[in-house]
Amino acid sequence: MPRHPATILGLALVSSLAVPACGVLGLDADVLSIDAARRGFEVPARPVIVFYVDGLRKDVFETLASNGEMPRLRRHLLDRAASVRSAVASVPSLTYTNAVSMLTGCWPSSHDVWSNVWFDRDQLLTRNYDDDCERADSDLVRPSMFELYENDLTASVALPFKRASKISLASSARSAGRLAWLSWAFNRKKDADRILAEQMYEIGEQARQIGEWPAFIAVHLPATDNTGHEEGCDTEKYRKAVANLEAGIGEVLETLANGGMLETLTIVLTSDHGHHPTPRSFQLDEFLNNELQVPILHAEDNDGDDSYLDRFERYSPQRGVLITNGERVASLHLRRGESWRERPGLEEILAFPGGAGREGSTLPDRLLNASALGLIAVRDGVDAVRVHGRLGVAAIERERVADGDVAFRYRVLSGEDPLEYRRDARLASWIDEGAHPSREWLAATAELDYPDAVPQLSMAFDHVRSGDVLLFAAPGWGFSDEYAGGHGALAREEMLVPLYIAGPGIRSGAEVPAARLVDLVPTLIELVGLEIPPATRFDGVSFAPLLR
Ligand SMILES: [Zn+2]
C-alpha cells in the first residue's frame, strides 16, 4: 500500500489540463484524440509503446480474445502481431522483479531489485517496495529503457519504477490527484481505466506542447493483478477485469489508429507474471517458529533509514530472517556463526538449526512437513542448487564452458525428479546427456509445468538478497490469508506471460516458440535500431530475427 502519495504526485512534470488541446474534435476534453491531418506534434521514426498489464494470465487473455470479446484489441494489435508461445517471467514471478526485468533486459540478480520485499545480509537491511516504491528507482543498478533512450522523449504511466522517464505520470488533475494504482488498491477498477484514459490524454497534451510524440512509452495497468489477488484468477471477476482491457487499451489503440499512427508504432502487450488461485493460506512465520524453535525474524518493514547500529541490534540476535517476498514465495536467510556476513554452506543449511534430536531430518525435510510448501530450493555454494520436493531431491550444477559461457547439469539425487521433467522419456535422455546451455533448457522446458526452472533457479541465487533457502508454495496455497490469489512461485500459470509485438517489419502471425521477459529489451532495441552505448550488457537475447 503506498504511504507517500504526496511525493509521488510531485513526479507529474507538467499539468497542462488548463491548456485547450489543438486537434480535439469536439470530443470529451480529457480523452486522447489525434487528428491525422493536424496532430500538433512530430512523430519520431520508430516510436514504441509497451502496454504492461499486471498479473495477466495468458490463457485467460487468449480465450477472451478468441471468443470475440476484444474486437479493437484484435483488430489493432493481436491480428497484426507476432507472439511468443511460451514467454517466461524471471524467478521470482513478482511485480517489482519483473517490471524491472521487462524494462532492463536483465535478471533480478543483476539488476538488484530482487523481489518486492528482500533482506540483504551484507547491509543488514530490509526493503519493501510495496510500502515505498520510490526505492526501486535508486536500487536499480542497470540502465532501463528510459536511460537507453536518453536522447529522446520518453513517458511512463503508473510504472512501479520510472527513473529517467522524462514524462512520468502517476496522477491527473481530474482524478483529484488520485493515483491509478491507488484506485487499483482500493478496488476502483473503472477509475483505474478512466485514469489510464486521462493519462494518455496528458501524454497527447504534453506531446503537443513539446511538439514531439515520445519515442518510448510504457503504460502499467494494475487492475487485473489486483482482481487476481482479491478474487482469484479462476473467477468471473478476474475474467471481467481482463475483458476490461478492451475498454482501456482498445480505446487508446483506436485513437492511435484514427490519428494515422498505428502503422508507425511498435506496440507491445505483455505482463510481469501470471496468477495462481490460492484458496488456502498458510502462516509461514508461525510454522517456522514452532518447527525450528530458534529466533527467526519475519522482516517486512523498510529499515534502510535506521542507523546501522539499530539494524545490527535488530538482526544480531536472530538465527534466521524470513522474508515473504510475495504471496507464493519466501526466502530464508540463515546465520551460521557470530556474523551475518558469512553465508552458510550446504551442510550447514541442511543441518539448520542444529542441536540434538533431529539427526537424519534435514531442514528441507522439515519444511516439506507443511503441505503448503511445494518446492524448496537450497543454495549449495556459488554454482549449485538443491531442489527438494515431495517426489525427491535433485541438484542443479552450473559449469563454465567455452567463451565464458555456462551450462547447467540437472541430476536426480534421490527419489523422483521434483520438477517432473523426467516423466518425458525424450527429455530424460536429453537431461542424461550432461550439461546444456541456458537457452536450450528454456526451449526444452518452456511447455512444461515448471518452465525454465533449471537455469533460473541457479541464477536466482546469484544475489545475496535471494537468501539461502527459497520456499515455494504448493498448488492452491498462499502465504497471506487476505488474498484469494497470488504468484511468485515456479508454476506455469504464474511464470508464463502473454507477449505480443506488432509494428513495422514484423510479420503478423509469426510465433516464437519460447522466450524470456528479459529478451524484450534487446528485441525492441534491434527492431527499432536504437543506438546504445557499446558496453551495455543484457541477460536477454533479441528474438527480432524470428519476427520478420
Ligand atoms: Zn500481484
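The written sequence of each chain sets the order in which its residues are numbered from 1. Only residues with pLDDT of at least 70 get local features here, since the model is predicted, and only at 80 or more are side-chain atom pairs given and counted; chain-wide, interface and lining totals rely on the full set of residues.

## With respect to the overall build of the chain
Step number 1: Helix and strand labels come from DSSP, where a helix needs a run of H or I of at least four residues and a strand needs a run of E of at least two; each type is numbered from the N terminus. Counting its regular elements, the chain contains 21 helices and 24 strands.
Step number 2: Note on contacts: each residue gets a C-beta atom placed from the backbone, and two residues are in contact if those atoms are within 7 Å. At a minimum sequence separation of 6, the contacts of the chain that also span at least 24 residues come to 73%.

## Observations concerning the sheet that holds strand β11 (residues 296–298)
Step number 1: Read from one edge of the open sheet, nine strands run β11-β12-β13-β19-β14-β15-β16-β17-β18, paired in mixed fashion. Only two strands of the sheet have a single partner each, and these edge strands are β11 and β18 (436–437).
Step number 2: The rule for pairing is simple: two strands pair if DSSP sees at least two bridges between them. Where strand β16 (residues 392–400) meets strand β17 (residues 406–415), nine bridges bridge the pair, whose relative direction is antiparallel. Across the sheet, the residue bridging to glutamate 397 is arginine 409, located in β17.

## Comments concerning unusual backbone geometry
Step number 1: Cis peptide bonds are those with omega within 30 degrees of zero, and the linkage from valine 91 to proline 92 qualifies with 0°.
Step number 2: Turning to its location among the elements, proline 92 is positioned in the loop between β2 (82–88) and α4 (95–104).
Step number 3: Cis geometry is adopted by the peptide bond preceding proline 353, which originates at phenylalanine 352 and carries an omega value of 0°.
Step number 4: Structurally, proline 353 is set in the loop between α15 (346–351) and α16 (363–367).
Step number 5: Positive phi values are uncommon outside glycine, yet leucine 124 reaches one of about 50°.
Step number 6: With respect to the helices and strands, leucine 124 occurs in the loop between β3 (117–120) and β4 (125–128).

## Overview of the nonpolar core
Step number 1: In terms of nonpolar packing, the biggest core is built from 159 residues, with Phe51 and Val219 touching the most fellow members.
Step number 2: The element that contributes the greatest number of residues to this core is helix α9 (residues 189–210), accounting for seven residues.
Step number 3: Boundary definitions for the domains trace back to an automatic or database domain assignment. Each of two domains, domain 1 (19–90 + 147–277 + 494–547) and domain 2 (280–482), supplies a minimum of three residues to this core.
Step number 4: Setting aside anything within four residues of it in sequence, one finds valine 219 in contact with Ile49, Val50, Phe51, Tyr52, Val157 and Leu196. A set of buried Ala, Val, Leu, Ile, Met, Phe, Trp, Tyr and Cys residues, joined to one another through C-beta atoms within 7 Å, is what we call a nonpolar core. Any residue with 12 or fewer other C-beta atoms within 10 Å of its own C-beta is exposed, any with 20 or more is buried, and the rest are partly exposed; the C-beta atoms used are placed from the backbone.

## A closer look at the packing of helix α2 (residues 58–66) against helix α11 (residues 236–243)
Step number 1: Where α2 meets α11, the axes come as close as 10 Å, and the angle between the chain directions of the two elements is 65°. It follows that α2 is roughly perpendicular to α11 by the angle criterion. Relative to α11, the crossing made by α2 is right-handed. Contacts between α2 and α11 involve Val60, Phe61 and Leu64 on the former and, on the latter, Tyr238, Arg239, Val242 and Ala243. Axis lines are fitted to C-alpha atoms, over the contacting stretch for helices. Their N-to-C directions set the angle, which ranges from 0 to 180 degrees. Roughly parallel refers to an angle under 35 degrees, roughly antiparallel to one over 145, roughly perpendicular to one between 65 and 115, and oblique to any angle outside these ranges. Whether a crossing is left-handed or right-handed is set by the direction in which the near helix is turned from the far one by less than a right angle, anticlockwise for left-handed and clockwise for right-handed.

## Quick look at helix α13 (residues 284–292)
Step number 1: Burial in α13 covers these residues: Leu284, Leu288 and Leu292. For α13, the buried positions fall inside an angular range of 35° around the axis, keeping them on one side. Residues of α13 that are exposed and point over 90 degrees away from its buried face: Glu286 and Asn290.
Step number 2: Those residues of α13 that are buried are in contact with β11, β12 (320–326) and β13 (329–334).
Step number 3: With its phi angle positive at about 60°, glutamine 293 sits one or two positions after the end of α13. It is the directions from the helix axis to the C-beta atoms whose arc is reported.

## Examining the environment of leucine 292
Step number 1: Within the secondary structure, leucine 292 is located in helix α13.
Step number 2: Taking the C-alpha atoms as reference points, leucine 292 and proline 353, separated by 61 residues in sequence, lie 6.7 Å from one another.

## Considerations on the confidence of the model for the chain
Step number 1: Mean pLDDT over the chain works out to 90, with 89% of the residues at or above the 70 mark.
Step number 2: pLDDT is a residue-level measure of predictor confidence that goes from 0 to 100. In the model, residues 1–29 has pLDDT below 50 throughout and makes 46 contacts with residues more than four positions away in sequence or in other chains.
Step number 3: Low pLDDT, under 50, characterises residues 171–187; the predicted model gives this stretch 44 contacts beyond four residues in sequence or across chains.

## Quick notes on the packing of helix α10 (residues 223–231) against α11
Step number 1: Viewed as axis vectors pointing N to C, α10 and α11 meet at an angle of 180°, and their least axial separation amounts to 9 Å. With respect to their mutual orientation, α10 and α11 come out roughly antiparallel. The residues of α11 that touch α10, namely those facing Ala223, Thr224, Thr227, Gly228 and Glu231, are Lys237, Tyr238, Ala241 and Val242.
Step number 2: All amino acids are sorted into three groups, where Ala, Val, Leu, Ile, Met, Phe, Trp, Tyr, Cys and Pro are nonpolar, Asp, Glu, Lys and Arg are charged, and the leftover types, Gly among them, are polar. Among the residues making up the contact of α10 with α11, the classes are represented as four nonpolar, three polar and two charged.

## Remarks on α11
Step number 1: Within α11, the full set of buried residues consists of Tyr238, Ala241 and Val242. The buried residues of α11 occupy one face: seen down the axis, they fall within an arc of 100°.

## A closer look at the environment of glycine 204
Step number 1: Checked against the element boundaries, glycine 204 lands in helix α9.
Step number 2: Taking C-alpha positions, glycine 204 is 9.3 Å from valine 31, a pair spaced 173 residues apart along the chain.
Step number 3: Other than its neighbours up to four places away in sequence, glycine 204 contacts Leu32 and Ile34.

## What about the pairing of β12?
Regular strands place side chains that alternate from one sheet face to the opposite one.
Step number 1: Among the seven residues that make up β12, seven are buried, leaving the element largely enclosed by the rest of the structure.
Step number 2: Sheet topology places β11 next to β12; three bridges connect them, and they run parallel. Residue pairing in the sheet places leucine 297 in a bridge with valine 321 of β12.
Step number 3: Taken together, the five bridges between β12 and β13 define a ladder with antiparallel strand orientation. In the strand pairing of β13, isoleucine 323 is matched with serine 331.

## A few points about the environment of glutamate 482
Step number 1: Summarising the element assignment, glutamate 482 is placed in the loop between β20 (477–478) and β21 (485–486).
Step number 2: Take glutamate 482: there are 10 C-beta atoms within 10 Å of it, and that puts it in the exposed class.
Step number 3: Taking C-alpha positions, glutamate 482 is 8.6 Å from histidine 229, a pair spaced 253 residues apart along the chain.

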